[in-house]
Amino acid sequence: MSTVYEISSNILDLLIMIEQGDVNVSDECVTDTLEGLNGELEDKVNEWCRVIKSIEYEEKSLSEEIKRLQAKKKLKENEAKRMRSALCGVLKNLGYDKYKTAEYTLYSFKSDKLDLQKELVPDELRKERVTKVIDEKAIKDLLLAGETLPYGKLINSLTIR
């Protein structure tokens, strides 16, 4: 079976031949040939759309899996943090600043690291950050007005439903 590029090339060649009057066959034959090529093109387009939809579904599934794994990672981080805190509390209550086992040595010391519940921090202890963002709408308007920009261009997209 031909590729979509071969089919489109054949259709264009036939249309050019018709336009230039190079075709010496009946109108019915030309019509049949065009219908056959258009049928092949439709089949190819349908195949491509099925593949595109499959890839988009796989992308969506991967995004969902990433979210699920990130949530699981956060749970594991919190679990390890909670267990570390509990172990530290037990050893501190027993008066150990250092505790050694056959496999591990644990030290208890004060650090400068903060343990914050960010949602509870009041506004007066928050800094405001100013960041520059690209004004995509203004760039699009410039391009639509006919300007040529070295850092952007308008692209065609295709929606499949």
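The structure we're discussing is the one just above.
The text that follows walks through the structure, step by step, so that each part is easy to find. (Residues numbered from 1 in each chain as written. Predicted model: local features only at pLDDT ≥ 70, side-chain atom pairs only at ≥ 80, totals over all residues. Heavy atoms only, no water.)

1. Considerations on the packing of helix α1 (residues 4–20) against helix α2 (residues 27–93)
And then number 1: Between α1 and α2, the least distance of the axes is 9 Å, while the angle of their chain directions is 155°. Taken as axis vectors, α1 and α2 run roughly antiparallel relative to one another. Taken as a pair, α1 and α2 cross one another with a handedness that is left-handed. Between α1, through V4, Y5, I7, N10, I11, L14, L15 and I18, and α2, the contact on the second element is made entirely by V30, T33, L34, L37, N38, E40, L41, K44 and W48.
And then number 2: Residues of the contact of α1 with α2, tallied by class, amount to 12 nonpolar, three polar and two charged. (Axes fitted to C-alpha atoms, helices over the stretch in contact; angles between N-to-C directions. Helix = DSSP H or I, 4+ residues; strand = E, 2+ residues; numbered from the N terminus. Parallel < 35°, antiparallel > 145°, perpendicular 65-115°, else oblique. Left-handed = near helix turned anticlockwise from the far one by under 90°. Contact = heavy atoms within 4.5 Å. Nonpolar A, V, L, I, M, F, W, Y, C, P; charged D, E, K, R; others polar.)

2. Things to note about α1
And then number 1: With 17 residues, α1 extends 24 Å between its outermost C-alpha atoms, agreeing within 8% with the 24 Å of an ideal straight helix rising 1.5 Å per residue.
And then number 2: Among all positions of α1, only V4, I7, I11 and L14 are buried. Projected down its long axis, α1 shows its buried positions confined to an angular sector of 100°, all on one face. For α1, the exposed residues set more than 90 degrees away from the buried face come down to Y5, L12 and Q20. (Expected span 1.5 Å × (residues − 1). Buried < 20%, exposed > 50% of the residue type's maximum accessible area, 1.4 Å probe, protein only. Arc of directions from axis to C-beta.)

3. Things to note about the packing of aromatic side chains
And then number 1: Taken as a whole and judged by the stated rule, the model has two aromatic pairs.
And then number 2: On the basis of an interplanar angle of 75° and a centroid distance of 6.0 Å, the ring pair of Y5 and W48 is categorised as edge-to-face. Highlighted residues: Y5 in helix α1 and W48 in helix α2, separated in sequence by 43 residues.
And then number 3: Given a relative accessible area of 59%, Y5 falls into the exposed group.
And then number 4: W48 sits in the partly exposed class, given a relative accessible area of 42%.
And then number 5: Pairing Y96 with Y99 gives two aromatic rings, centres 5.0 Å apart and planes at 75°, and the pair type is edge-to-face. (Phe/Tyr/Trp six-rings, centres within 6.5 Å; stacked < 30°, edge-to-face > 60°.)

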